[in-house]
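Structural characterization, general
What follows is each chain in one-letter form.
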Amino acid sequence: MTHTSTAFPAGFLWGASTAAHQIEGNNVNSDWWRKEHDPAAKIAEPSLDACDSYHRWEQDMDLLAQLGFTDYRFSVEWARIEPVEGTFSRAEIAHYRRMVEGALARGLRPMVTLHHFTVPRWFEDRGGWTADGAVELFARYVEHCAPIIADGVRHVCTINEPNMIAVMAGLAKRGEQGFPPAGLPTPDDGTTQAVIAAHHAAREVVRAVAPAAEVGWTIANQVYQALPGAEEVTAAYRYPREDIFIEAARGDDWIGVQSYTRTKIGADGPIPAPEDVERTLTQWEYYPAAVGHALRHTADVIGPDVALIVTENGIATADDTRRVDYCAGALNEVAAAIEDGLNIQGWLAWSALDNYEWGSFKPTFGLIAVDPVTFARTAKPSAVWLGGLGRTRALPRTTA
Ligand code: BGC
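What comes next is a walk through the structure.

Conventions adopted
Residues numbered from 1 in each chain as written. Predicted model: local features only at pLDDT ≥ 70, side-chain atom pairs only at ≥ 80, totals over all residues. Heavy atoms only, no water. Near = heavy atom within 4 Å. Polar contact = N/O pair within 3.5 Å; in protein donor to acceptor, adjacent residues only side chain to side chain. Areas by Shrake-Rupley, 256 points an atom, 1.4 Å probe, with all protein chains shown as cover. Nonpolar A, V, L, I, M, F, W, Y, C, P; charged D, E, K, R; others polar. Axes fitted to C-alpha atoms, helices over the stretch in contact; angles between N-to-C directions. Helix = DSSP H or I, 4+ residues; strand = E, 2+ residues; numbered from the N terminus. Left-handed = near helix turned anticlockwise from the far one by under 90°. Contact = heavy atoms within 4.5 Å. Parallel < 35°, antiparallel > 145°, perpendicular 65-115°, else oblique. Core = buried A, V, L, I, M, F, W, Y, C linked by side-chain atoms within 4.5 Å. Buried < 20%, exposed > 50% of the residue type's maximum accessible area, 1.4 Å probe, protein only. Phe/Tyr/Trp six-rings, centres within 6.5 Å; stacked < 30°, edge-to-face > 60°. Lys NZ or Arg CZ within 6 Å of the ring centre and 35° of its normal. Expected span 1.5 Å × (residues − 1). Disulfide = S-S within 2.5 Å.

**Remarks on the site of the ligand**
Neighbouring residues of the ligand: 13 residues in total, closest Gln22, His116, Glu161, Glu312 and Glu357. Glutamate 357 places a side-chain nitrogen or oxygen 2.5 Å from an oxygen atom of the ligand. Protein contacts shield 93% of the accessible area of the ligand, which totals 300 Å² for the unbound molecule. The residue makeup of the shell around the ligand, split by class, is six nonpolar, four polar and three charged.

**Some remarks on the packing of helix H9 (residues 162–174) against helix H11 (residues 231–247)**
Interhelical geometry of H9 versus H11 gives an angle of 145° and a closest axis separation of 9 Å. Where H9 crosses over H11, the two elements pack in a sense that is right-handed. The segment H9 lies against H11, with Pro162, Asn163 and Ala166 engaging Arg241, Glu242 and Phe245. Residue composition of the contact of H9 with H11, by class: three nonpolar, one polar and two charged.

**With respect to the packing of helix H3 (residues 53–67) against helix H5 (residues 90–105)**
Where H3 contacts H5, the two axes come as close as 10 Å, and the packing angle between them is 10°. In this view, H3 runs roughly parallel relative to H5, as classed from their interaxial angle. Contact residues: H3 offers Tyr54, Trp57 and Met61, while H5 offers Glu92, His95, Arg98, Met99, Gly102 and Ala103. Split by residue class, the contact of H3 with H5 holds five nonpolar, two polar and two charged.

**Topic: the nonpolar core**
Core analysis: the biggest nonpolar cluster contains 99 residues, and Trp14, Trp129 and Trp347 have the highest contact counts within it. Per-element accounting of this core gives the leading share, eight residues, to helix H13 (residues 320–339). Excluding anything up to four places from it in sequence, tryptophan 129 contacts Trp78, His115, Val119, Phe123, Ala134, Phe138, Ile159, Ile165, Thr191, Ala194, Val195 and Ala198.

**Some remarks on the packing of aromatic side chains**
For the structure on display, the rule yields 23 aromatic pairs. Consider the rings of tryptophan 129 and phenylalanine 138, whose centres lie 5.5 Å apart with planes at 70°: the pair is edge-to-face. This pair shows no difference in class: tryptophan 129 is buried, exactly as phenylalanine 138 is. Linked through ring pairs, Trp78, Trp122, Phe123, Trp129, Phe138 and Tyr141 together constitute an aromatic cluster. Above the ring of tyrosine 287, the side-chain terminus of arginine 262 is found at 4.0 Å from the ring centroid.

**Remarks on the side chain of threonine 18**
You can see threonine 18 is positioned in the loop between strand S2 (13–17) and helix H1 (20–23). Among the polar contacts made by the side chain of threonine 18, one reaches the side chain of tyrosine 72 at a distance of 2.9 Å. Each residue touching threonine 18, except ones within four places of it in the same chain, is listed here: Ile23, Tyr72, Arg73, Phe74, Ser75, His116, Trp350, Ser351 and Ala352.

**Some details on helix H12 (residues 290–302)**
Along an α-helix, residues three or four positions apart point the same way, because every turn accommodates 3.6 residues. Counted at 1.5 Å a residue, the expected span for H12 with its 13 residues is 18 Å, and the 18 Å between its end C-alpha atoms agrees. Of the residues making up H12, those classed as buried are Ala290, Val291, Gly292, Ala294, Leu295, His297, Thr298, Val301 and Ile302. Where H12 is buried, its residues contact strand S6 (214–221), H11, strand S8 (254–259), strand S11 (307–313), H13 and strand S12 (344–350). At the C-terminal side of H12, glycine 303 shows a positive phi close to 85°.

**Re the state of the cysteines**
What makes a disulfide is a covalent bond joining the sulfur atoms belonging to two cysteines. Applying the stated criterion across every chain yields a total of zero disulfides. With no disulfide partner, cysteine 51 has as its closest neighbouring cysteine sulfur the one in cysteine 327, 18 Å distant. Relative accessible area serves as the criterion here: at 1%, cysteine 51 is assigned to the buried category. On the accessibility criterion, cysteine 327 (1% relative accessible area) is buried.

As structure tokens, this is what we get:
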């Protein structure tokens, strides 16, 4: 076995990602806050104060910069910026602008996500993404984000994981609870079309208000692997859950690749992983190679003109040595793909902090632990190791 390294391509993003609802706390005007307090939704625990990052974002950024990271992806919260339809909060816009300036002052390049799963309550009440006028309302919100992104923000993500939004809408419209044992539920086609239209509308607005910014969106990639003979079944299964969203990124500046595990597909559809595989705290198969497959598949679908950025990659575990092992395996795949000529422009860990994992605080994805009572932050060894790679600007590479 040979240990070498692959230099970061010029301008390579090296950082960690978060999402507003998962870390800020008290996102009271959002659809998720309401759901968390509705017994019928059967959510294990509410987000409440989360990591209190609404007040502690400076500490979070200090830590990331001190560790050696050069990039920070965070989201701005539509439910705060437009708490009532048509009423925009100047104070919240100023808050997020301070975050952008705070990142830049610390040597962290901000990647700003405009929408990460949560919507304002009023948007849900008027019918969500498939209601008349939803796309225009999202574009208007994006216009009001202009003061946040107009200056100094190089990467803007319009919508995080639109394919998961369509999947969740499919579940809700059918009145189903929970996911199948393997694979993803069928997405709602109307939601798919609406979020694609919303992305294209938002892309135009971002290009108008922030001409220096590069715009894209981020896709959840399940790494569907066909068993012999199941190639056509796999392609048909994958298309509405993934490829349609990758195709919609043609014309973008970059596409975000987000992967954690894999899903095998046989002649009859997805096959659960065997009982004896190692699993993470989200019960996903431990499979660090996922990101390599996700990058190569995304490049195959989108072609060479759109840059690839790994915008989320990581593992929920209470054992940080498994996080180091997972990330080492994943980065080896990223380095191999760069050596093979893929245009990969960054890697961002999910997540900077042990945050609210959509229903529970138990699956800990963070590089940085957060005390649930005092909110004190403690960098884990994985954070120290990964941050250090930012100083060397080289990805570890192991070849057989
Ligand atoms: C999402 C994150 C989430 C993570 C782990 C992605 O689906 O963008 O919000 O916490 O994966 O489940």
